[in-house]
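Coordinates in review
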Amino acid sequence: MSNEFLKIENLHIHYVTQEGTVKAVNGINLELEKGESLGLVGETGAGKTTTALGVLRLIPDPPGKIIDGNIYFEGKDVLDLTEEEMRKIRGNKVSMIFQDPMTSLNPVMTVGEQIAEVIEIHEDVTSAEAKEKSKEMLELVGIAGNRSNEYPHQFSGGMKQRVVIAIALACSPELLIADEPTTALDVTIQAQVLDLMKNLKEEFNTAMLLITHDLGVVAEACDKVAIMYAGEIVEFATIENLFTDPKHPYTVGLFGSIPNLEEEVDRLNPIKGLMPDPTELPSGCKFHPRCPHAEAICAEKQPGDTDVKENHRVRCFLYTGEVERKEEEK
Ligand code: SF4
């Protein structure tokens, strides 16, 4: 049992394929409070989407398997719930927005029908009431209610994503999981959709798990941030702590890869090397082949989580005193 709103403990998720076992999530721990927004940041293949699908118990099995760990939602471990109990949670208490609105919407149903369908499944309402509420939801995301009889192809990309948000919020979920919700959109539309999500989240006091590879998006929309690398959370902090004082060498590398308009530099300082193959992860700290501070211990032993201050923890031997920081090469 746990009293936290969402608490993930030591979660391990693998995919067993003919090419080998993909170790997608490797012992992650994280907490989210009611109404709070957490950004899950990492490169493609870091395990972000697998973590989110794990929360909803939507890992395709086979080939996926939750190997170990607990996912407590409102005190109950979702891994112990029946499929019937899970169905009540999905869409009702927890909703998910996927990256590509084109593939999330049904092309042969009107947008109004798609919103009303969700309302009818999860709430005790008549079809007429659901239809009326679907118009209200459209208005809420900035689309005229009288467009509810139109089909997805009659909307632009940004508007389609608004419809997807309306569907996700139709049953006032307590937790919204948004997987790269703005990646498929133009930059100007991205900002509008992010603002919309932020406002709706505040209005309904919805907690949000926002998956992204973009630190700018996180700064815009989140209270806390978890940095993922090779299926692990290597740093967890409030937005302020992470942006003013990043600790993990991977996080520092991520910031070094972003152009800063206030600083004139000859060239950016990207992280050397590539993310490891998830079927053949390195021993010890998974970041050691790319880390400028790595020492022998980093390849031998896996670092644990160290609290560097309140609401800021990091998985690195630099903060246990077992490795000394080296002067970084320019
Ligand atoms: Fe680098 Fe070692 Fe820290 Fe890993 S544990 S990030 S290799 S210093």
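Presented here is a report on the structure given in the accompanying data block. In this text, all values refer to a predicted model and were calculated from it rather than measured experimentally.

This part takes up the overall build of the chain. Across its full length, the chain carries 11 helices and 12 strands. In the chain, buried positions account for 50% of the 330 residues. Of all intrachain contacts in the chain linking residues separated by at least 6 positions in sequence, the fraction that spans at least 24 positions is 64%. Summed over all atoms, the accessible surface of the chain reaches about 16200 Å², with 49% contributed by carbon and sulfur. Of the charged side chains in the chain, 32 are positive and 56 negative, and the gap between their average positions amounts to 2 Å.

Okay, the site of the ligand next. In the vicinity of the ligand lie 13 residues, with C285, C291, C298, C316 and F317 positioned nearest. The residue inventory of the shell around the ligand, partitioned by class, reads 10 nonpolar, three polar and no charged.

Overall, antiparallel pairing links the four strands, which are arranged β2-β1-β4-β5 in an open sheet. Each of the sheet's edge strands pairs with one partner strand only, and the pair in question is β2 (20-32) and β5 (76-77). In terms of strand pairing, strand β1 (residues 6-17) meets β2 through 10 bridges, oriented antiparallel. Of the residues in β2, the one forming a bridge with I8 is L30. Against the sheet, helix α1 (residues 48-55) touches β1, β2 and β4 (64-73), its axis set at about 115° to β1.

Let's shift gears to the sheet that holds strand β9 (residues 224-229). The strand order across the open sheet formed by eight strands is β6-β7-β8-β3-β9-β10-β12-β11, and the pairing between neighbours is mixed. The strands lining the two open edges of the sheet, one partner per strand, are β6 (94-97) and β11 (306-309). Across the sheet, the mean angle from the axis of one strand to that of its neighbour is 20°, orientation sign disregarded. The strands touched by helix α6 (residues 157-169) within the sheet are β6 and β7 (175-179), with β6 carrying the most contacts at an inclination of about 170°.

Conventions used here
Residues numbered from 1 in each chain as written. Predicted model: local features only at pLDDT ≥ 70, side-chain atom pairs only at ≥ 80, totals over all residues. Heavy atoms only, no water. Helix = DSSP H or I, 4+ residues; strand = E, 2+ residues; numbered from the N terminus. Buried < 20%, exposed > 50% of the residue type's maximum accessible area, 1.4 Å probe, protein only. Contact = heavy atoms within 4.5 Å. Areas by Shrake-Rupley, 256 points an atom, 1.4 Å probe, with all protein chains shown as cover. Lys, Arg positive; Asp, Glu negative; His and termini not counted. Charge placed at Lys NZ, Arg CZ, Asp CG, Glu CD. Near = heavy atom within 4 Å. Nonpolar A, V, L, I, M, F, W, Y, C, P; charged D, E, K, R; others polar. Pairing = 2+ DSSP bridges. Axes fitted to C-alpha atoms, helices over the stretch in contact; angles between N-to-C directions.

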